[in-house]
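# A structural walkthrough
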Amino acid sequence: MTSTTAHPVESFPPSEEFAAQANAGAELYDRAEADRLEFWAEQARRLDWADDFGEVLDWSDAPVAKWFVGGRLNVSYNCVDRHVAAGKGDRVAIHWVGEPGDSRDITYAQLLSEVSKAANYFTSIGLTAGDRVAIYMPMVPEAIVSMLACARLGLTHSVVFAGFSAGALRSRVDDAEAKLVITTDGQYRRGKPAPLKEAVDEALGTGDGAAASVQKVLVVRRTNHDPDLNWVEGRDVWWEDTVDEQSAAHEPEAFDSEHPLFLLYTSGTTGKPKGIVHTSGGYLTQASYTFHYVFDHKEGRDVFWCGADIGWVTGHTYLVYGPLSNGATEIIYEGTPNSPDEHRHFEVIEKYGVTIYYIAPTLIRTFMKWGRDIPDAHDLSSVRLLGSVGEPINPEAWRWFREVIGGGKAPIVDTWWQTETGGIMISPLPGVTTTKPGSAMAPLPGISATIVDDNGNPVSAGEQGYLVLDKPWPAMLRGIWGDPVRFKETYWSRFAEQGWYFAGDGARYDDDHALWVLGRVDDVMNVSGHRISTSEVESALVGHSGVAEAAVIGAADETTGQGIVAFVILREGVENTGEQLIAELRRQVSIEISPIAKPREINVVPELPKTRSGKIMRRLLKDVAEGRELGDTSTLVDPSVFEAIRSRKS
Ligand code: 6R9
């Protein structure tokens, strides 16, 4: 198969000013190269260990790793107590911004007392280390308090995105046999309270069909919207009547480095959800290390904002464990970016002086669609570093992000990683790496990745191949909950002989050995034997000045194997000239990639189906394009987009 290559792009060397103050230097790569395990041991010492570890890595039971063998630590102590003990108790940990306009500033000392109270309550109802707790909550401070209180007691949390359906919650509760479910009465969605506990009641059921493992449902009062809230006596308790009544003192106990910290079910896949298992010492080491270097975080000075939801791995690692283990001050925003209007994010940046801003490309493209007048109406000069995560960022969005949000100078870290990797794996280091718009550039110091063909041979520059991780890393998943066979099959069987982790993403190097992630390999289309990545075609389409967003899929085609079908959203104020626009777009793809990549069909639509983590559900678009019944839509933010899409599709 031949492969397509995108046009060369410009590069952005770090400014001298940024480099002079950067946490990272080029020597970090050398140190990691010289002795990888010693390098990771050094990073692990960023944390406070109750008992020191011996061996850095035990890989004898591969692919299940043990990192920092014999070490004992408390994850919550590392995220909270130690900052208070170091005299930083008055520092704000969380500037919480509620959707209706309420807000709370929570210092590290306050966080410590909240977490301690929750831990005391969890203990009082009989939970002990190793038990599982499901957290089904919107972005309220108690969600983070709950996660940290679980960590403090060695309870394994399983956060379930509050936008998921009752059915999705039930299957996750059952799979993990959670004893406690924590939720809220309701959640704010686009300015209005929407029920949430209702979904918990539906999920857990009653009588014979009741979820057998669940003993208690702990409810935080958030919206107070329902005077007749359904209440199951003996099972349901209010946070304010229980947790708030507890003592604010709690002595944390240390747990083994390999003690399970959390489960996180991967979303959007068909079949039974996979509960990805993460453990304590290695995970926290990588969370802490990457937060410090990739975001160039300066304690006591920076204000960090990660726009992810806690229901997503990015919310775990870069809203909770990475920032808090580094004593950071961060923003937690409850709502949608256009509530009450499109200025919301920029008002928050301006008000709190956000310095580091980490979001998904889909949000950047949404901002582009709204137009630059909106960010331009605000003073965003505090922003000094930008980050992108979740999907390949198209060069157009990258440039806009740097120019409009980053004042033409903020470095961008395009961070590639996965639920399974636990923390950032491939990314530029700000102040060190010369970046290219759209490329995640290179594996971080201490991380090893490579791109290979079907047989595991290295590919040459320009050739597409599979992204593999050829050496274990501290935050790697330790398994799929309750399913060791599936764990091996899913990640370790593709390159079993070599013992490599198969990431499921396609990638290529360019002539400068910069690494370009091209999206999931199941998103790689095969048109007449040419391997074309959906993201490259999407990138070409959004390169057209009229297009805000694009989603591309390969639909079954009798003659070419697959035919390219595109769905595009136009920018605000752009007129749909029909055939003329479609012809222009096809020409654009032809010029940018190759005539082979010209879409067979282009549909102009008002919305695209997305998960809350910002990933376009291409599987569902494929169903539409191939005229099938829609598959599982439970993980979509707004399943009604399909009516709009179908009505526009001729
Ligand atoms: C953190 C997160 C993982 C998948 C991954 C890849 C895509 C994430 C990316 C990226 C290109 C980036 N992905 N970051 N693709 N460039 N910077 O997103 O985890 O939800 O498990 O998704 O997301 O396809 O395999 P998760």
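Computed from a predicted model, the values in this text were never measured in an experiment. (Residues numbered from 1 in each chain as written. Predicted model: local features only at pLDDT ≥ 70, side-chain atom pairs only at ≥ 80, totals over all residues. Heavy atoms only, no water.)

## Things to note about the pattern of salt bridges
Counted by the stated rule, this structure contains 36 salt bridges. With a shortest N-O distance of 2.8 Å, Arg152 and Asp81 are connected by a salt bridge. In this pair, Arg152 is assigned in helix α6 (residues 141-153) and Asp81 in helix α4 (residues 75-88), connecting sequence segments 71 residues apart. Residue class for Asp81 comes out buried when judged on its relative accessible area of 10%. The salt bridge involving Arg365 is made with Glu549; its shortest N-O contact spans 3.3 Å. Within this pair, whereas Arg365 is found in helix α13 (residues 361-370), its partner Glu549 is found in strand β29 (residues 547-557), the two being separated by 184 residues in sequence. Comparing Arg365 with Glu549, the two get one shared label, buried. What you see here is one network of salt bridges that share partners, running through Lys197, Asp201, Arg235 and Asp236. (Salt bridge = Lys/Arg side-chain N within 4 Å of Asp/Glu carboxyl O. Helix = DSSP H or I, 4+ residues; strand = E, 2+ residues; numbered from the N terminus. Buried < 20%, exposed > 50% of the residue type's maximum accessible area, 1.4 Å probe, protein only.)

## Structural notes on helix α19 (residues 618-625)
Counting buried residues along α19, 6 of its 8 residues qualify, which places the element largely inside the surrounding structure. Listing the buried residues of α19 in full gives Arg618, Leu620, Leu621, Asp623, Val624 and Ala625. Of the residues one or two after α19, Gly627 is the one with positive phi, at around 70 degrees.

## Details of the site of the ligand
In the vicinity of the ligand, 17 residues are found, and the nearest of them are Asp414, Thr415, Thr419, Asp505 and Arg520. Gly390 is positioned such that a nitrogen or oxygen atom in its backbone is 3.1 Å from a nitrogen atom of the ligand. Burial of the ligand by the protein chains amounts to 93% of its free accessible area of 530 Å². Those elements giving two or more residues to the shell around the ligand turn out to be α11 (313-325), β21 (412-415) and β26 (515-520). For the shell around the ligand, the per-class residue count stands at 7 nonpolar, 5 polar and 5 charged. (Near = heavy atom within 4 Å. Polar contact = N/O pair within 3.5 Å; in protein donor to acceptor, adjacent residues only side chain to side chain. Areas by Shrake-Rupley, 256 points an atom, 1.4 Å probe, with all protein chains shown as cover. Nonpolar A, V, L, I, M, F, W, Y, C, P; charged D, E, K, R; others polar.)

## Quick word on the sheet that holds strand β8 (residues 156-159)
Backbone-to-backbone hydrogen bonds join strands into a sheet, with any given pair of strands oriented parallel or antiparallel. The mixed open sheet is built from 8 strands, whose spatial order is β13-β12-β9-β7-β8-β15-β16-β24. Both outer strands of the open sheet, β13 (236-238) and β24 (479-480), are each paired with one neighbouring strand and no more. Where strand β16 (residues 275-279) meets β24, 2 bridges bridge the pair, whose relative direction is antiparallel. Residue pairing for β24: Val277 is matched across the bridge by Gly479. In the packing of helix α7 (residues 166-176) onto the sheet, contacts are made with β7 (132-135), β9 (180-184) and β15 (260-265), and the angle to β15 comes to roughly 145 degrees. Those strands touched by α11 are β8 and β15, and its axis lies near 140 degrees from that of β15. (Pairing = 2+ DSSP bridges. Contact = heavy atoms within 4.5 Å. Axes fitted to C-alpha atoms, helices over the stretch in contact; angles between N-to-C directions.)

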